[in-house]
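One-letter residues, chain by chain:
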Amino acid sequence: MVLILGSNSGFMANYLTDYYNEVVGIEINPFLIKMGETVAKYFDNKNISFVNADFITYNFDKKFDAVFSLSNHFTIDGNLNMNFEAYIKKALQCNE
């Protein structure tokens, strides 16, 4: 199972469905979530889900084999602003 932080429009998440039994993307922007879901529906990807939430405050109930970070510790729109060390620590908690 793989987690994608900042899944954006979901293109990478959808691509990874061929390689992982479950793909989860977390994205704070609901418009981008809708795009990812539309792509998943078009390609009939059933092993993918998107979470519309803030990665920093979201509590994951699953552990992941791999975590991809397409987000970063600071966004231009100000939706995520934390120091890099705290961001990496939070990301590492997803696969402990």
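Now for a description of the structure that goes with this document. (Residues numbered from 1 in each chain as written. Predicted model: local features only at pLDDT ≥ 70, side-chain atom pairs only at ≥ 80, totals over all residues. Heavy atoms only, no water.)

Looking at the overall build of the chain
Across its full length, the chain carries 3 helices and 4 strands. When the helices and strands of the chain are listed from N to C terminus, the series reads β-α-β-α-β-β-α. Taken across its 96 residues, the chain has 40% of its residues classed as buried. Look at the contacts in the chain between residues 6 or more apart in sequence, and 65% of them connect residues 24 or more apart. (Helix = DSSP H or I, 4+ residues; strand = E, 2+ residues; numbered from the N terminus. Buried < 20%, exposed > 50% of the residue type's maximum accessible area, 1.4 Å probe, protein only. Contact = heavy atoms within 4.5 Å.)

As for helix α2 (residues 30–42)
Count 3.6 residues to each turn of an α-helix, and residues three or four apart come out pointing the same way. Between its first and last C-alpha, α2 extends 18 Å over 13 residues, near the 18 Å set by a 1.5 Å rise per residue. Residues of α2 that are buried include every one of Leu 32, Ile 33, Gly 36, Val 39 and Ala 40, and no others. Looking straight down α2, one finds that the buried residues subtend no more than 125° of arc, so they occupy a single side. Exposed positions of α2 whose direction lies more than 90 degrees from the buried face are Pro 30, Phe 31, Lys 34, Lys 41 and Tyr 42. Buried residues along α2 sit in contact with α1 (11–16), β2 (23–27) and β3 (48–52). (Expected span 1.5 Å × (residues − 1). Arc of directions from axis to C-beta.)

A look at the pattern of salt bridges
Within this structure, the stated rule accounts for 2 salt bridges. Lys 62 is paired through a salt bridge with Glu 22; the nearest N and O atoms lie 2.8 Å apart. You can see Lys 62 sitting in the loop between β3 and β4 (66–69) and its partner Glu 22 sitting in the loop between α1 and β2, a full 40 residues away along the chain. The partner of Lys 46 in a salt bridge is Asp 44, and the shortest N-O contact between them spans 2.5 Å. (Salt bridge = Lys/Arg side-chain N within 4 Å of Asp/Glu carboxyl O.)

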